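These are the residues of each chain, in order.
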Amino acid sequence: MEGVQRLLVRKSSKIEEWDFWTSEDFKEHIERDPENVSLRIRYSISLLPSPLTLKDLRKRVSVTPAITALANALQTMPESEDLWMLYLELYVKNPSAKDGDVRDMFENGLCYLPECLGLWWRYVAFEQEYSRAEALLKRMLITFVSDKCELKDPILRSSTVLSIAAQLAKLYADTGCNTDLARAFLSTFLFSKEASDVTTFSSDKTPKEAKNYVLPLSLTWASRMLTLQDLAIAWLIYIHFFYHGHIPFSVFHAHPHSYLVRDELFLIKWDAGGMSVRDAVQAPSGAEMSWFKQLFQNCLDSWGSIELGDDASANMAYMAILRNYVSFIELRSKPARVSRFLSGLIECRIVDIDIMLLQPFEDVSNCF
């Protein structure tokens, strides 16, 4: 309902001329300026009960006049994101609308605005059934990883792809109750050489995880698609998921943007549980711990294949991976081993230890 409320602000501290317009006044101005999006939206809002609440909609308060006005506006301006967002927000909330009709409206909107993130995420929020949500998220992933994608901002594109991947993994683990499938998808997302391996991932035929070898990052598809900061966040999500069996909710934004992954590196809470085996969290065995250490070491080694240079965000991303590993071995290893590990880093001049230990990465312990 937040989307409706944001767009239905009818009053402000400043009284506007159109606050006193009648329906005929609006029609007269629209006839003179039919492509004025703001005018069309104001007219549609004037046709709604005020104030409009979700309770009103459940009582079947008619929003048909406003929806009709917006539909007429879309015939003139079918590529207006603002018109589509308000139109679909009202259409979805209309109790008389059937699910099939709502889907048709979303599909119509995406025909005109195939890379409109607002439409895609609102569509995802609408789909509650597992198979439909999975299919829609996969379509969205294909759209934004395609070479034909026209999203110009590489940072926005990277964060979008990361959020889609995280939502798919979350869907597999939470709704599908299959942590093995979620982990396999995250492995495919991180370890694959080509985008096609990710976009053709099938829940019917789960690929084997790359448990003994991690490609140099420069050879992975993810390193070409994601910024180094997003790549580090993806790795931390994967490592956290392997160890704890779920994605920490704190990596996502708060409602109503909880579908988006936050642009924040974080520290994993190592002493808050154990590895997930067959959907149940248990204390890791010695063999599992050895494999996990090897995965972390391979992750660190693979970062050496990327030229970090003077890019502060790139160095911070590497620092986050390293900081988490140090935190891990501090908990699981004897002090002497930790000391040797840190000494080795200093001798190799891999990182400034003081800077690494002082970085204010977020602690995700509040997710447990």
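Residues numbered from 1 in each chain as written. Predicted model: local features only at pLDDT ≥ 70, side-chain atom pairs only at ≥ 80, totals over all residues. Heavy atoms only, no water.

**What to know about the overall build of the protein**
Reasoning step 1: Scanning the protein from terminus to terminus reveals 18 helices and four strands.
Reasoning step 2: Put simply, the protein has 368 residues, and 48% of those count as buried.
Reasoning step 3: In the protein, of all internal contacts separated by at least 6 residues, the share reaching a separation of at least 24 is 66%.
Reasoning step 4: Of the roughly 18,700 Å² that the protein leaves accessible, carbon and sulfur atoms contribute 51%. (Helix = DSSP H or I, 4+ residues; strand = E, 2+ residues; numbered from the N terminus. Buried < 20%, exposed > 50% of the residue type's maximum accessible area, 1.4 Å probe, protein only. Contact = heavy atoms within 4.5 Å. Areas by Shrake-Rupley, 256 points an atom, 1.4 Å probe, with all protein chains shown as cover.)

**Side note on the packing of aromatic side chains**
Reasoning step 1: By the definition in use, this model includes 19 aromatic pairs.
Reasoning step 2: A centroid spacing of 4.6 Å and a plane angle of 5° characterise the contact between Phe-106 and Tyr-123, whose relative ring orientation is stacked. With a gap of 17 residues between them, Phe-106 in helix 7 (residues 99-112) and Tyr-123 in helix 8 (residues 117-126) connect regions that are remote in the sequence. For the pair Phe-106 and Tyr-123, a shared accessibility class is recorded, and that class is buried.
Reasoning step 3: Each residue in the set Tyr-172, Phe-185, Phe-189, Phe-201 and Trp-221 is aromatic and connected to the rest through ring pairs, giving one cluster. (Phe/Tyr/Trp six-rings, centres within 6.5 Å; stacked < 30°, edge-to-face > 60°.)

**Considering the pattern of salt bridges**
Oppositely charged side chains may form a pair once their charged atoms are brought near each other.
Reasoning step 1: Evaluation of the coordinates by the stated rule reveals eight salt bridges.
Reasoning step 2: In this structure, the salt-bridge partner of Glu-107 is Arg-139, at a minimum N-O distance of 2.8 Å. In this pair, Glu-107 is assigned in helix 7 and Arg-139 in helix 9 (residues 130-145), connecting sequence segments 32 residues apart.
Reasoning step 3: On the basis of relative accessibility, which here comes to 25%, the residue Glu-107 falls in the partly exposed class.
Reasoning step 4: For the salt bridge of Glu-134 with Lys-138, the shortest nitrogen-to-oxygen distance reads 3.4 Å. One end of the pair is Glu-134 and the other is Lys-138, both in helix 9 and four residues apart, which spans about a single turn.
Reasoning step 5: Because the salt bridges share partners, they merge into one network encompassing Glu-89, Lys-93 and Arg-122. (Salt bridge = Lys/Arg side-chain N within 4 Å of Asp/Glu carboxyl O.)

**Quick word on the packing of helix 11 (residues 179-191) against helix 14 (residues 228-244)**
Reasoning step 1: Orientation of helix 11 relative to helix 14, taken along the N-to-C sense of each, is 150°, at an axis distance of 10 Å. Our classification of the angle between helix 11 and helix 14 gives roughly antiparallel. Crossing geometry of helix 11 relative to helix 14 is assigned as left-handed. Between helix 11 and helix 14, the residues in contact are Thr-179, Ala-182, Arg-183, Leu-186, Ser-187, Phe-189, Leu-190 and Phe-191 and Leu-231, Ala-234, Trp-235, Tyr-238, Phe-241 and Phe-242, respectively.
Reasoning step 2: Among the residues forming the contact of helix 11 with helix 14, the class breakdown is 11 nonpolar, two polar and one charged. (Axes fitted to C-alpha atoms, helices over the stretch in contact; angles between N-to-C directions. Parallel < 35°, antiparallel > 145°, perpendicular 65-115°, else oblique. Left-handed = near helix turned anticlockwise from the far one by under 90°. Nonpolar A, V, L, I, M, F, W, Y, C, P; charged D, E, K, R; others polar.)

**Structural notes on helix 10 (residues 154-175)**
Reasoning step 1: Spanning 22 residues, helix 10 covers 31 Å between terminal C-alpha atoms, matching the ideal 32 Å at 1.5 Å per step.
Reasoning step 2: Here helix 10 starts with a cap whose side-chain oxygen sits 3.0 Å from the backbone nitrogen of Ile-155, and that cap is Asp-153.
Reasoning step 3: Immediately downstream of helix 10, the backbone of Cys-177 shows phi near 55°, a positive value. (Expected span 1.5 Å × (residues − 1). Polar contact = N/O pair within 3.5 Å; in protein donor to acceptor, adjacent residues only side chain to side chain.)

**What about helix 6 (residues 81-93)?**
Reasoning step 1: When the terminal C-alpha atoms of helix 6 are compared, their 18 Å separation across 13 residues agrees well with the 18 Å that a helix rising 1.5 Å per residue should span.
Reasoning step 2: Residues Leu-83, Trp-84, Met-85, Leu-86, Tyr-87, Leu-88, Glu-89, Leu-90, Tyr-91, Val-92 and Lys-93 constitute the buried set of helix 6.

**Observations concerning the side chain of Asp-230**
Reasoning step 1: Here Asp-230 lies in helix 14.
Reasoning step 2: Buried and without a salt bridge, Asp-230 has Arg-157 as its closest oppositely charged side chain, separated by 11 Å.
Reasoning step 3: Here the side chain of Asp-230 touches Ser-159 through a polar contact of 3.3 Å, landing on its backbone nitrogen.
Reasoning step 4: Excluding residues that lie within four positions of it along the chain, Asp-230 makes contacts with Ile-155, Ser-158, Ser-159, Leu-162 and Asp-263. (Lys, Arg positive; Asp, Glu negative; His and termini not counted.)

**Some words on the packing of helix 3 (residues 37-46) against helix 6**
Reasoning step 1: Viewed as axis vectors pointing N to C, helix 3 and helix 6 meet at an angle of 15°, and their least axial separation amounts to 10 Å. Judged by the angle between their axes, helix 3 and helix 6 are roughly parallel. Classified by chirality, the crossing of helix 6 by helix 3 is left-handed. Along the contact surface, helix 3 presents Val-37, Arg-40 and Ile-41, while helix 6 presents Asp-82, Leu-83 and Leu-86.

**Digging into the environment of Ala-71**
Reasoning step 1: With respect to the helices and strands, the residue Ala-71 is situated in helix 5 (residues 64-76).
Reasoning step 2: Sequence-wise, Ala-71 and Tyr-87 are 16 residues apart; in three dimensions their C-alpha atoms are separated by 7.4 Å.

**Side note on the confidence of the model for the protein**
Reasoning step 1: Averaged over the protein, the pLDDT score is 80; the fraction of residues at 70 or greater is 70%.
Reasoning step 2: Predicted confidence is poor over residues 8-13, with pLDDT under 50, and the contacts of this stretch with residues over four places away or in other chains come to 10 contacts. (pLDDT = per-residue confidence, 0-100.)

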